[in-house]
Amino acid sequence: MRLLTHNMLSSNIKGVANGFPLRIEVEKVVEKQVDFNADFLKNMFAKIEWKALVDASRSMGYSELPGDANPSMLDSDDFLQKFHHALLELHLEEGALVCPETGRKFPVNKGIPNMLLHEDEV
Amino acid sequence: MSSRPELQAPPEIFYNDEEARKYTSSSRIIEIQAQLSERAMELLALPDDGVPRLLLDIGCGSGLSGETLSENGHQWIGLDISQSMLNIALEREVEGDLMLADMGQGLGFRPGVIDGAISISAVQWLCNADKSSHDPRLRLKAFFGSLYRCLARGARAVLQVYPENLAQRELILGFAMRSGFAGGVVVDYPHSTKKRKEYLVLTCGPPSLSAATPQGKGEQEESCSADEGSGDEENQTVCISDRHRPRKKQKITKKGKGREWVMKKKEQMRRKGNVVPPDTKYTARKRKARF
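Thresholds applied
Residues numbered from 1 in each chain as written. Chains lettered and ligands numbered in written order. Predicted model: local features only at pLDDT ≥ 70, side-chain atom pairs only at ≥ 80, totals over all residues. Heavy atoms only, no water. Helix = DSSP H or I, 4+ residues; strand = E, 2+ residues; numbered from the N terminus. Rg over C-alpha atoms; globule rule 2.2 N^0.38 Å. Buried < 20%, exposed > 50% of the residue type's maximum accessible area, 1.4 Å probe, protein only. Contact = heavy atoms within 4.5 Å. UniProt positions renumbered as here; feature names shortened; annotations may be inferred. Salt bridge = Lys/Arg side-chain N within 4 Å of Asp/Glu carboxyl O. Polar contact = N/O pair within 3.5 Å; in protein donor to acceptor, adjacent residues only side chain to side chain. Nonpolar A, V, L, I, M, F, W, Y, C, P; charged D, E, K, R; others polar. Patch = residues over 30% accessible without salt bridge, like charges linked within 9 Å, V, L, I, M, F, W, Y side chains within 5 Å. Areas by Shrake-Rupley, 256 points an atom, 1.4 Å probe, with all protein chains shown as cover. Lys, Arg positive; Asp, Glu negative; His and termini not counted. Charge placed at Lys NZ, Arg CZ, Asp CG, Glu CD. Core = buried A, V, L, I, M, F, W, Y, C linked by side-chain atoms within 4.5 Å. Phe/Tyr/Trp six-rings, centres within 6.5 Å; stacked < 30°, edge-to-face > 60°. Lys NZ or Arg CZ within 6 Å of the ring centre and 35° of its normal. Axes fitted to C-alpha atoms, helices over the stretch in contact; angles between N-to-C directions. Left-handed = near helix turned anticlockwise from the far one by under 90°.

Now for the overall build of chain A. Helix and strand counts for chain A come out as four helices and four strands. For chain A, the α and β elements follow one another from N to C terminus as α-β-α-α-α-β-β-β. Computed over its C-alpha atoms, the radius of gyration of chain A comes to 15 Å, within 12% of the 14 Å expected for a compact globule of 122 residues. With the C-alpha coordinates aligned to their principal axes, the bounding extent of chain A is approximately 50 × 30 × 20 Å. For chain A, buried positions account for 49% of its 122 residues. Within chain A, contacts between residues at least 6 apart in sequence are counted, and of these 66% link residues at least 24 apart.

Written out as structure tokens, the structure is:
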């Protein structure tokens with residue numbers, strides 16, 4: 001699972017008001033090369049919750065992202081490369097996602113988070 | 001046993017390792033899935049500016065439909081309820097992210113972040129109650145409600161479905177409309193029993209010009225071409241429309257099929273082993289009027 005997906009995911013449990021961002025528990029991280037596309041990054045930037053991305057990338061052991069970002073930084077190639085790496089190339093292979101409100105763990109196996117809810121959580 | 005997989009077992013059980021294996025080994029399944037997803041991409045009508053979008057593949061299965069999205073250069077997130085199917089997707093090394101999730105429990109995405117969604121042959125599963133806790137209405141409501149929330153304004157969702165009957169189609173479409181979607185059903189090849197495919201084309205946001213539902217394929221063809229007749233349904237339409245056919249049209253078809261057509265038919269009959277008169281210079285000639 002990439003951080004792009006993590007940044008879009010929120011906890012879906014019944015009664016949870018703010019299920020975003022899910023905390024990441026890391027067991028194993030892998031990096032996969034992905035083609036760089038500046039247009040996609042510029043397009044996505046407005047939709048990304050920056051703070052959640054920074055926190056998530058730090059918990060995955062990548063701390064190059066600046067704590068604050070604004071659209072003017074999108075012109076810098078250096079920034080885009082870091083953004084690209086954090087968003088698309090870091091994969092959470094094994095670990096868990098934790099709901100910030102209830103502490104419910106969603107296990108991640110082979111890069112696939114298990115987001116199935118129990119019957120009493122729907 | 002019924003041929004509809006929905007009636008055999010819940011999806012997470014029906015799509016076991018054996019069934020999932022078919023999605024890598026059967027070239028027929030692969031071809032159909034690719035065709036369906038290409039058509040869904042077409043109906044999604046993303047702006048043609050070369051910018052990759054973030055799309056959702058609901059019921060991605062082994063990632064066959066996701067591959068079409070990747071080929072078009074888009075990033076995608078796929079979700080499916082069957083672990084076996086997702087394992088196949090891992091084996092195929094698909095480019096999108098995968099999630100094990102149940103669409104009937106709602107999609108857990110932040111509001112307004114997804115640029116479009118496709119779903120190939122999945123949504124009709126929601127109409128089944130496989131567990132005592134399942135209520136199809138609640139599950140459809142949760143699904144369409146969460147889909148509407150996570151889509152960006154003006155984004156489209158194209159859901160290819162196999163509804164079992166008219167009531168199911170109305171149920172699905174009804175919940176989609178109640179969630180706020182505009183749009184409708186596009187039917188490709190409505191007169192064919194096998195090729196017929198239905199797509200729910202839904203637009204997020206108020207109805208506008210761009211929300212007009214596109215035309216289905218094969219709709220413009222005459223429904224009453226007499227020599228096609230494959231299904232019972234079709235024969236029925238032939239009888240009714242024949243009665244109202246204008247005189248002029250009949251004259252055109254009376255012209256005859258020509259020597260070539262007759263030769264072809266005779267050859268066909270010979271291959272079947274029937275007794276066919278030999279081909280002569282008189283074959284397919286018209287009798288004179290005075291005869």
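Our focus in this paragraph is the overall build of chain B. If you tally the helices and strands in chain B, you get ten helices and seven strands. For chain B, restricting intrachain contacts to residue pairs at least 6 apart in sequence, the fraction spanning at least 24 positions comes to 64%.

Okay, the UniProt feature "domain: Methyltransferase type" (unreviewed entry) in chain B next. Per the UniProt record, the feature "domain: Methyltransferase type" (unreviewed entry) sits at residues 56-157 of chain B. The distance separating the terminal C-alpha atoms of residues 56-157 of chain B is 9 Å; by composition the span is 31% helix and 26% strand.

Our next topic: the interface of chain B and chain A. The interface of chain B with chain A comprises 31 residues on the first partner and 30 residues on the second. With a shortest N-O distance of 3.7 Å, Glu49(A) and Arg110(B) are connected by a salt bridge. The tally of links from chain B across to chain A stands at 16 residue pairs in polar contact (both at pLDDT 80 or more). Put simply, the parts of the chain that give the side of chain B that touches chain A at least two residues each are strand E2 (75-80), helix H5 (83-91) and strand E3 (97-100) of chain B. Looking at the side of chain B that touches chain A, its residues break down into 15 nonpolar, nine polar and seven charged.

All names here are of chain B. A surface patch of like charges, here positive, comprises Arg-259, Lys-281, Arg-285, Lys-288 and Arg-290. Note that Arg-290 resides in the segment after helix H10 (258-272). Given the relative accessible area of 74%, Arg-290 is considered exposed.

As a further point, take the nonpolar core. Looking at soluble globular proteins, one finds that nonpolar side chains tend to be buried together. Leu97(A), Leu56(B), Phe109(B), Phe143(B), Phe144(B) and Leu147(B) are the most contacted members of the largest nonpolar core, which totals 71 residues. What Phe109(B) contacts, discounting residues up to four positions off in sequence, is Met8(A), Leu9(A), Ser10(A), Leu56(B), Ile77(B), Leu79(B), Met99(B), Ile114(B) and Cys150(B).

A few words on unusual backbone geometry. Residues and elements named next belong to chain A. A cis geometry characterises the amide bond from Phe-20 onward to Pro-21, with omega recorded as -10°. The residue Pro-21 is located in the loop between helix H1 (3-8) and strand E1 (23-31) in this model. Even without glycine at this site, Lys-110 takes up a positive phi of about 50°. Within the secondary structure layout, Lys-110 lies in the loop between strand E3 (105-109) and strand E4 (112-113). Here Lys-110 falls in the partly exposed class, since its relative accessible area comes to 42%.

Right, let's talk about the packing of aromatic side chains for a bit. Scanning the entire structure with this criterion turns up 13 aromatic pairs over all chains. A ring pair is formed by Phe45(A) and Phe79(A), whose centres lie 6.5 Å apart and whose planes are at 75°; its orientation type is edge-to-face. Here the residue Phe45(A) occupies a position in helix H2 (residues 38-45), and Phe79(A) occupies one in helix H4 (residues 77-89), the gap between them amounting to 34 residues. A single burial state applies to Phe45(A) and to Phe79(A), both of which are buried. Relative to Phe83(A), the ring of Phe45(A) lies with its centre 6.0 Å away and its plane at 85°, an arrangement referred to as edge-to-face. Within this pair, whereas Phe45(A) is found in helix H2, its partner Phe83(A) is found in helix H4, the two being separated by 38 residues in sequence. By relative accessible area, Phe45(A) is classed as buried at 11%. Above the ring of Phe175(B), the side-chain terminus of Arg178(B) is found at 4.7 Å from the ring centroid. We note Lys195(B) situated over the ring of Tyr189(B); from NZ or CZ to the ring centre the distance is 4.0 Å.

The next subject is helix H3 (residues 50-59) of chain A. All names here are of chain A. For H3, the full list of buried residues reads Trp-50, Ala-52, Leu-53, Val-54, Ala-56 and Ser-57. Its buried side turned inward, H3 meets H1, E1, H2 and H4. A positive backbone phi angle near 90° is found at Gly-61, which sits one or two residues after H3.

Residue and element names in this part refer to chain B. One way to put it is that helix H2 (residues 17-25) packs onto H5 with a least axis distance of 8 Å and a crossing angle of 35°. Pair H2 / H5 crosses with right-handed handedness. Two secondary-structure elements touch here, H2 through Asp-17, Ala-20, Arg-21, Tyr-23 and Thr-24 and H5 through Ser-84, Met-85, Ile-88 and Glu-91. Per-class residue counts for the contact of H2 with H5 are four nonpolar, two polar and three charged.

Evaluation of the coordinates by the stated rule reveals 21 salt bridges over all chains. Across the pair Asp115(B) and Lys47(A) runs a salt bridge, and its minimum N-O distance is 2.2 Å. One end of the pair, Asp115(B), is in strand E4 (residues 114-120); the other, Lys47(A), is in the loop between H2 and H3, on a second chain. Two residues, Glu42(B) and Arg39(B), come together in a salt bridge whose shortest N-O distance is 2.9 Å.

Turning our eyes to something else, we now look at the side chain of Ser70(B). Residue and element names in this part refer to chain B. Residue position: Ser-70 is located in helix H4 (residues 64-71). You can call Ser-70 buried: its relative accessible area is 17%. A polar atom in the side chain of Ser-70 sits 2.9 Å from the side chain of Trp-76. Beyond its immediate chain neighbours, meaning those up to four positions away, Ser-70 contacts Trp-76 and Glu-95.

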